[in-house]
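Given next are the chains, with one letter for each unit.
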Amino acid sequence: LGSSASVSGPNIVLNTAVADVLSDFADTREKADNFNEAVMRIIGETFKNHKRIVYNGNNYCDEWREQAKERGLLALMSAPEALPLFKSEKNKKLFAKHKVFTASELESRYALLTENYIKVITIEAQTLISIANRDILPAAAEYCAVLTKAALDKKAVDVSLKSSYEMDTAKKISALCDNLHTEVAQMKKCLSESADIKCTQERAEFFSSVVCPAMEKARLTIDELESVVAAKYWPFPIYSDILFSV
């Protein structure tokens, strides 16, 4: 569950699912002549039929995705994959049975959550573009200029003076800046293309499969720039500043 999300939504789903199962258990037990035998039979049959859900490995790695496929379980990796399940007939019947949500209420939740997903990713992408253009690229370019000037000043004093640090670092920063500049342009293009997609579900899937990877690619470039640009020029606190300066 994301840190910005409320636990109420997942709890409603989990509690409804558990209530449905317990309701079936209760019906079975009440019809049984022997309480203890009925309970043991329920436990045995339930584990036998559903033991495939028991997994003690790492649920956050690719291994789990393969395990889920083998076990016939869902392994939904993004919101656009998961949110349409609000509208499935199976889930509509479940929530209606327990008078938790009507079919129209589930449709509304799907629509609102999908729209919110698109808006949040749009804001994040636009923010990343702004930070890259207004803060990171200018800072990196400024430090690159300082390095190249230092290398030239050394040569002006004495041609035998070495400047491999300055030149190698400047070359690396220059290449990373070019990459980031291209990646920012690609993000802008993706956002522009997304505006032409009218279907909400298709647009959400586009953000998940195209916009988010483009943002991740830019973030990796920014992380690498952070590791080579001098702290004096980097415009934001680094992790060590945040951890140890509070």
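Structure first, text after, so check above.
Conventions used here
Residues numbered from 1 in each chain as written. Predicted model: local features only at pLDDT ≥ 70, side-chain atom pairs only at ≥ 80, totals over all residues. Heavy atoms only, no water. Axes fitted to C-alpha atoms, helices over the stretch in contact; angles between N-to-C directions. Helix = DSSP H or I, 4+ residues; strand = E, 2+ residues; numbered from the N terminus. Parallel < 35°, antiparallel > 145°, perpendicular 65-115°, else oblique. Contact = heavy atoms within 4.5 Å. Nonpolar A, V, L, I, M, F, W, Y, C, P; charged D, E, K, R; others polar. 1 Å grid on protein atoms, 1.4 Å probe; cavity = no way out; pocket = protein on both sides within 12 Å on 5 of 7 lines; lining within 4 Å. Points joined across faces, edges and corners; volume = space filled by probe spheres on them. Disulfide = S-S within 2.5 Å. Core = buried A, V, L, I, M, F, W, Y, C linked by side-chain atoms within 4.5 Å. Buried < 20%, exposed > 50% of the residue type's maximum accessible area, 1.4 Å probe, protein only. Expected span 1.5 Å × (residues − 1). Polar contact = N/O pair within 3.5 Å; in protein donor to acceptor, adjacent residues only side chain to side chain. Left-handed = near helix turned anticlockwise from the far one by under 90°. Patch = residues over 30% accessible without salt bridge, like charges linked within 9 Å, V, L, I, M, F, W, Y side chains within 5 Å. Areas by Shrake-Rupley, 256 points an atom, 1.4 Å probe, with all protein chains shown as cover. Salt bridge = Lys/Arg side-chain N within 4 Å of Asp/Glu carboxyl O.

Asks: Hey, could you run me through the packing of helix α1 (residues 8-31) against helix α5 (residues 89-97) in this one?
Replies: Any two packed helices are characterised by how steeply their axes cross, that is the angle between the axes, and by the distance between the axes. Interaxial distance between α1 and α5 falls to 10 Å at its minimum, and their mutual angle equals 75°. Accordingly, the angle class assigned to the pair α1 and α5 is roughly perpendicular. Taking contact as the criterion, the partners of I12, V13, T16, D20 and D24 in α1 are, on α5, L94, F95 and K97. Its residues assigned to classes, the contact of α1 with α5 shows four nonpolar, one polar and three charged.

Asks: What am I meant to see in the layout of surface pockets here?
Replies: The rolling of a water-molecule-sized probe over the atoms marks out the regions of remaining empty space. Taken as a whole, the second largest pocket spans an internal volume of roughly 340 Å³. In terms of lining residues, the second largest pocket is bounded by 15 residues, among which R219, I222, D223, E226 and Y239 are the most central. Of all the elements in the fold, those that place two or more residues in the lining of the second largest pocket are α6 (103-157), α8 (200-228) and α9 (239-244). Sorting elements by how many residues they give to the lining of the second largest pocket places α6 first, with five residues. Split into classes, the residues belonging to the lining of the second largest pocket amount to 10 nonpolar, one polar and four charged.

Asks: Sorry, what's going on with the state of the cysteines here?
Replies: Here the structure, examined in full by the defined rule, presents zero disulfides. Summary of cysteine pairing: C177 is not part of a disulfide, and the nearest cysteine sulfur, belonging to C144, is at 6.6 Å. Free cysteine C199: the closest other cysteine sulfur is in C212, separated by 17 Å.

Asks: Help me understand the nonpolar core in this model?
Replies: Nonpolar side chains in soluble globular proteins generally cluster together in the buried interior. In terms of nonpolar packing, the biggest core is built from 35 residues, with I173, L180, M187, V211, L225 and V229 touching the most fellow members. Secondary-structure elements contributing two or more residues to this core are α6, α7 (164-194) and α8. Per-element tally for this core: the top contributor is α6, with 13 residues. Those residues in contact with V229 that sit more than four places away from it in its chain are A140, Y143, I173 and W234.

Asks: What is the right way to read helix α2 (residues 35-50) from this model?
Replies: Because each turn of an α-helix spans 3.6 residues, side chains separated by three or four positions in sequence point in the same direction. An ideal rise of 1.5 Å per residue puts 22 Å on 16 residues; α2 measures up with 22 Å between its terminal C-alpha atoms. For α2, the N-terminal capping position is held by N34, with its side-chain oxygen 3.1 Å away from the main-chain nitrogen of N36.

Asks: Sorry, what's going on with the packing of α6 against α8 here?
Replies: Their axes nearest at 10 Å, the elements α6 and α8 cross at an angle of 25°. Here α6 lies roughly parallel to α8, going by the angle between them. The element α6 and its partner α8 pack so that their crossing is left-handed. Here the contact of α6 with α8 is composed, by residue class, of 18 nonpolar, five polar and three charged.

Asks: Hey, could you run me through the side chain of E166 in this one?
Replies: Within the secondary structure, E166 sits in helix α7. Here K154 takes part through its side chain, which lies 2.9 Å from a polar atom of the side chain of E166.

Asks: Help me understand a nonpolar patch on the surface in this model?
Replies: On the surface, a cluster of nonpolar side chains totalling about 560 Å² of accessible area is made up of Y239, I242, L243 and F244. Within the secondary structure, Y239 sits in helix α9. Judged by its relative accessible area of 65%, Y239 is exposed.

Asks: Sorry, what's going on with the environment of D20 here?
Replies: Looking at where D20 falls in the secondary structure, it is placed in helix α1. Filtering out sequence-adjacent residues up to four positions away, D20 remains in contact with L94, K97 and H98. A polar side-chain atom of D20 sits 2.9 Å from a polar atom in the side chain of H98.

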